[in-house]
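Each chain is listed here by its residues.
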Amino acid sequence: MTELSLPRGPVGAPNVVLVMLDDVGFGASEVFGGPVSTPAVARLAQAGLRYTRFHTTAICSPTRASLLTGRDAHVAGVGTVMNTSNRYPGYQGIMRDETATIATVLRQNGYATACFGKWHLAPPWETSQLGPFDRWPTGRGFDTFYGFLGGETDQFEPTLYAGTTPVTRPDEESYHLTEDLVDRSIRWVRMQHSLTPDRPFLLYLAPGATHAPLQVPRPFRDKYRGRFARGWDAMRSEILRRQKALGVVPPETELTPRPDALPAWESLDENRRRVAERLMEAYAGFLEHTDVQIDRFVRALQDDGLFDNTLFCYIVGDNGSSAEAGIDGSINYLGALQGMPESLQQQLDALDEIGDPQTYPQYPAGWAWAMCSPFQWVKQVASHFGGTRNPMVLSWPARIAGSGGVRTQFCHVNDVVPTILQAAGIEAPSVVNGVEQEPMDGVSLAYTFDDEDAPERHTTQYFEVFGHRSVYHHGWIASAFHRAGMPWTVGLPPVDAPFDDDVWELYDTTRDFSQAHDLAPQDPDKLAQLQEVFAEEAARVHILPLRDARVHRTPMPNLAAARTELTYYPGAVGIPETNGPALCGRSWTIRAHLGVGQRGAAGVLATMGGRHGGFALYLTREGRPEFVYRAFETGTVELAGKRPLTVGEHVVEVDLDYDGGGRGRGAWITLRVDGAELGRDRTERTPRGFFSIDETFDVGATTGSPVGNFPRVFPFTGELHKVEFVLG
């Protein structure tokens, strides 16, 4: 008879904590010369090491796939952000079984595993309650998951899942998602240590911060009032001075110039400066608030005696800072993304509210560029370090004898998994769950722990996102910015620009830390050599011919497919908006069939999106039918009946009569009950593509933020038979 026993990890293996923030540039944290206080980064840097030449992929999902697998993102199948996945090799957005995650490997070697926060690694058609759940965190090696599946979420009313079940946030008056995630992380570690103290753990903590929306408790953003009055041009110079003083950049580092398409701070009028300042104050407060929560977690590990034997890897951003709200920034950037920005007057009217729950803000592109000091460009731009260079601090007191050191070897996010495996004494498996594995692309960083002068071992690395591409090779980097649109060009479709028109640049990073001097004209032979290396790497990961994932879209699986008549029943909640009824750019009708009992009825019948953009059909607490349609900051339509529905069966109907003539046009909206018109009004704009990135389509309740003036969740209390959609 086989002896039964509890799983145990390798003797002496460390606990592992991976923390990854979102959209934080190299120059934001004070520990790397930035203007924002980050006590956790400081604490870990003092206890361990700062890595000043650590790189991500320049965009979210690929960085996370590479972090968790140790492979290049295209090899893992996630070469582009999930929102732009396509059928081409390397870009399908489907994590390959041939690239098992570190959670799977450690779990099979006795580790307890948990994931808290952002995932963004499951294809949208697999993120409903129908599953399949293979590519959810619990299908990729994590015993426990609590967080959100998409690229962003409302910080005060997040769209959450526990395991594979949609859940609502705790009913707390002062709730904030980052605080919730850290609370749960601390509780999970203590529960795990209480039950199996001899078993090591892996905890992956990925807050939504500092991705938009920049939502944070008011005291944190108020702390930064007035600190950004000198503007982004001056801020970059200040950051570089501090970086040199801290030793995180060489003393000869030069500041790269502002791109011509970005305005100088001095060119802005007073009102635009006021808005830009307040948006940046919200960002700074958001970053500090997030790091303060991470610091709570670090101190909890110290208090519990777990910190010394924990390999703690804190990556300060999955890419450079985001310029995706455009030149002016936005108080509701999802509208701005679709060419539906608010007016300057609306921004001024909301100035003191920026960062509160009723706003969905993102700062101007100029601040994103400043937070990537001293480098060129920002998030998305994989050709230059502004998109790919992020701070990383690593602590493991039981193994790393020195503290407060700086490491300057070139390294990449795919190095993290090999580092963990070497620390745990586990060989990278050749077969996982019967599937032969791709070799690791990363290199263990353990060789840097005791020797700051150790020759770097990660000597070649390619980068590619949206056609922006580069290759690092033995100290040199060749860079090609793909000229199909700027990373802050919002509301406009991308241009299908020929790759042959892109201009390659060449930099010697051993002498030019910031990519300030293009040597391509002086050394065409070296450039040609690196271009050949890039071509070899691109062929190795099967991404030739190159395609811009923003432009070369292909049909992908969809739960709603091309159906024009759809029926949903109560309990159909947490459905990704992209896989619900396709409502943009067309006319449509909703019919809710329901029954009202003697006690009346109230609650949500159907809703899509959230309070910053979306619609909701519901009965008020008094039982009156209402319909709310919010087109971001361009206008809201509210239609309501004057009396509660009577006892009996009813059909509540909404007709949206679309103007036609392309996406984003206006429409007339009519609310009816049992065929009788209760109200009619007009919206001059409708979304070009979506209401939200994170909110869902729900029937019978709402799982995210409420679109209308009704409570959270607000489940329907009558008898909801079905909800029908007919699409024109």
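All of these numbers come straight from a predicted model, not from anything done at the bench.

## Considerations on the overall build of the protein
1) Next: For the protein, the helix and strand inventory stands at 14 helices and 30 strands.
2) Next: In summary, the protein has a C-alpha radius of gyration of 26 Å against a globular reference of 27 Å for 728 residues, a match within 12%.
3) Next: Dimensions of the protein along its principal axes, counting C-alpha atoms only, are 80 × 75 × 50 Å.
4) Next: Restricting the contact set of the protein to residue pairs at least 6 apart, pairs at least 24 apart contribute 75%.
5) Next: Summed over its atoms, the accessible surface of the protein is roughly 25800 Å², and 49% of this surface lies on carbon and sulfur atoms.
6) Next: Looking at the protein, you have 66 positive and 90 negative side-chain charges, and the mean spots of the two groups are 3 Å apart.

## Thoughts on the pairing of strand E27 (residues 667-673)
A regular strand carries its side chains on alternate faces of the sheet.
1) Next: Among the 7 residues of E27, 5 are classified as buried, and the element is accordingly described as predominantly covered.
2) Next: Across 7 bridges, the pairing between strand E26 (residues 648-658) and E27 is antiparallel. Bridging across to E27, leucine 656 finds its partner in isoleucine 669.
3) Next: Relative to strand E28 (residues 676-683), E27 runs antiparallel, the two being bridged by 7 bridges. Note that in E28 the partner of leucine 671 across the bridge is glycine 679.
4) Next: Adjacent in sequence and paired antiparallel, E27 and E28 are bridged by 2 residues, among which aspartate 674 carries a positive phi angle near 55 degrees.

## Considering the nonpolar core
1) Next: Judged by nonpolar contacts, the single largest core of 97 residues is most densely connected at Phe312, Tyr314 and Trp367.
2) Next: If you tally residues by element for this core, the top one is helix H8 (residues 270-303), at 14 residues.
3) Next: Setting aside chain neighbours within four positions, we find tryptophan 367 in contact with Phe228, Gly231, Trp232, Met235, Trp265, Ala276, Glu277 and Met280.
4) Next: In this structure, Ala76, Met82, Ile426 and Phe449 belong to the second largest nonpolar core, which totals 52 residues.

## Structural notes on the environment of isoleucine 575
1) Next: For isoleucine 575, the position within the fold is in strand E20 (residues 575-576).
2) Next: C-alpha separation for the pair isoleucine 575 and threonine 127, spaced 448 residues apart in sequence, amounts to 7.3 Å.

## Let's talk about unusual backbone geometry
1) Next: Cis geometry is adopted by the peptide bond preceding proline 132, which originates at glycine 131 and carries an omega value of -5 degrees.
2) Next: One can find proline 132 in the loop between strand E4 (112-118) and strand E5 (144-148).
3) Next: Omega for the bond connecting serine 373 with proline 374 falls within 30 degrees of zero, at 5 degrees, which places this linkage in the cis form.
4) Next: Along the chain, proline 374 falls in the loop between helix H11 (365-371) and helix H12 (385-388).
5) Next: The backbone of glutamine 515 shows a phi angle near 60 degrees, a positive value even though the residue is not glycine.
6) Next: Along the polypeptide, glutamine 515 turns up in the loop between strand E18 (504-508) and helix H14 (524-540).
7) Next: Residue class for glutamine 515 comes out buried when judged on its relative accessible area of 0%.

## Brief notes about the pattern of salt bridges
1) Next: As enumerated under the stated definition, the model contains 48 salt bridges in all.
2) Next: In this structure, the salt-bridge partner of arginine 96 is glutamate 98, at a minimum N-O distance of 3.6 Å.
3) Next: In this structure arginine 96 comes out as partly exposed when scored by relative accessible area, which is 27%.
4) Next: A salt bridge links arginine 278 to aspartate 222; the nearest nitrogen and oxygen atoms lie 2.6 Å apart. On the criterion of sequence distance, the pair formed by arginine 278 in helix H8 and aspartate 222 in helix H6 (residues 218-222) is long-range, its members being 56 residues apart.

## Observations concerning the packing of helix H1 (residues 39-47) against H8
1) Next: The geometry of H1 relative to H8 is characterised by a closest axis approach of 7 Å and an angle of 40 degrees between their N-to-C directions. What the angle tells us is that H1 and H8 run oblique. Within the contact between the two elements, H1 uses Pro39, Ala40, Val41, Arg43 and Leu44 and H8 uses Asp291, Val292, Ile294, Asp295, Val298, Arg299 and Gln302.
2) Next: Across the contact of H1 with H8, the residue classes break down as 7 nonpolar, 1 polar and 4 charged.

## Focus: the packing of helix H5 (residues 177-195) against H8
1) Next: Taken N-terminus to C-terminus, the directions of H5 and H8 make an angle of 10 degrees; their axes are 9 Å apart at the nearest point. What the angle tells us is that H5 and H8 run roughly parallel. From H5, Thr178, Glu179, Val182, Asp183, Ser185, Ile186, Val189 and Arg190 reach across to H8, where they touch His289, Thr290, Gln293, Ile294, Arg296, Phe297, Ala300 and Leu301.
2) Next: Its residues assigned to classes, the contact of H5 with H8 shows 7 nonpolar, 5 polar and 4 charged.

## Structural notes on the packing of aromatic side chains
1) Next: Counted according to the given criterion, the structure contains 33 aromatic pairs.
2) Next: Ring geometry for tyrosine 224 against phenylalanine 228: centres 6.2 Å apart, planes inclined by 20 degrees, an arrangement best described as stacked. Take tyrosine 224 and phenylalanine 228: they sit in the same class, and that class is buried.
3) Next: Plain terms: the ring middles of tyrosine 333 and tyrosine 360 are 6.1 Å apart, the flat faces sit at 10 degrees to each other, and that makes the pair stacked. Residue tyrosine 333 is found in helix H9 (residues 333-336), and its partner tyrosine 360 is found in the loop between helix H10 (344-349) and H11; the two are separated by 27 residues along the sequence.
4) Next: Given a relative accessible area of 2%, tyrosine 333 falls into the buried group.
5) Next: Site record: aromatic cluster; members linked through ring pairs are Phe26, Phe32, Phe375, Phe385 and Phe513.
6) Next: For arginine 227, the ring lying beneath its charged end belongs to tyrosine 224, and the centroid distance is 4.7 Å.
7) Next: If you follow arginine 389 out to its NZ or CZ, it ends over the ring of phenylalanine 385, 4.1 Å from the centre.

## Here's the deal with helix H7 (residues 231-246)
1) Next: The terminal C-alpha atoms of H7 lie 22 Å apart, and with 16 residues this matches the ideal 22 Å at 1.5 Å per residue to within 8%.
2) Next: Looking at H7, one finds that the buried residues are Gly231, Trp232, Ala234, Met235, Arg236, Glu238, Ile239, Leu240 and Gln243.
3) Next: Those residues of H7 that are buried are in contact with H8 and H11.
4) Next: Looking one or two residues beyond H7, the residue adopting positive phi is glycine 247, at roughly 80 degrees.

Basis of the calculations
Residues numbered from 1 in each chain as written. Predicted model: local features only at pLDDT ≥ 70, side-chain atom pairs only at ≥ 80, totals over all residues. Heavy atoms only, no water. Helix = DSSP H or I, 4+ residues; strand = E, 2+ residues; numbered from the N terminus. Rg over C-alpha atoms; globule rule 2.2 N^0.38 Å. Contact = heavy atoms within 4.5 Å. Areas by Shrake-Rupley, 256 points an atom, 1.4 Å probe, with all protein chains shown as cover. Lys, Arg positive; Asp, Glu negative; His and termini not counted. Charge placed at Lys NZ, Arg CZ, Asp CG, Glu CD. Buried < 20%, exposed > 50% of the residue type's maximum accessible area, 1.4 Å probe, protein only. Pairing = 2+ DSSP bridges. Core = buried A, V, L, I, M, F, W, Y, C linked by side-chain atoms within 4.5 Å. Salt bridge = Lys/Arg side-chain N within 4 Å of Asp/Glu carboxyl O. Axes fitted to C-alpha atoms, helices over the stretch in contact; angles between N-to-C directions. Parallel < 35°, antiparallel > 145°, perpendicular 65-115°, else oblique. Nonpolar A, V, L, I, M, F, W, Y, C, P; charged D, E, K, R; others polar. Phe/Tyr/Trp six-rings, centres within 6.5 Å; stacked < 30°, edge-to-face > 60°. Lys NZ or Arg CZ within 6 Å of the ring centre and 35° of its normal. Expected span 1.5 Å × (residues − 1).

Keep in mind these values describe shape, not function.
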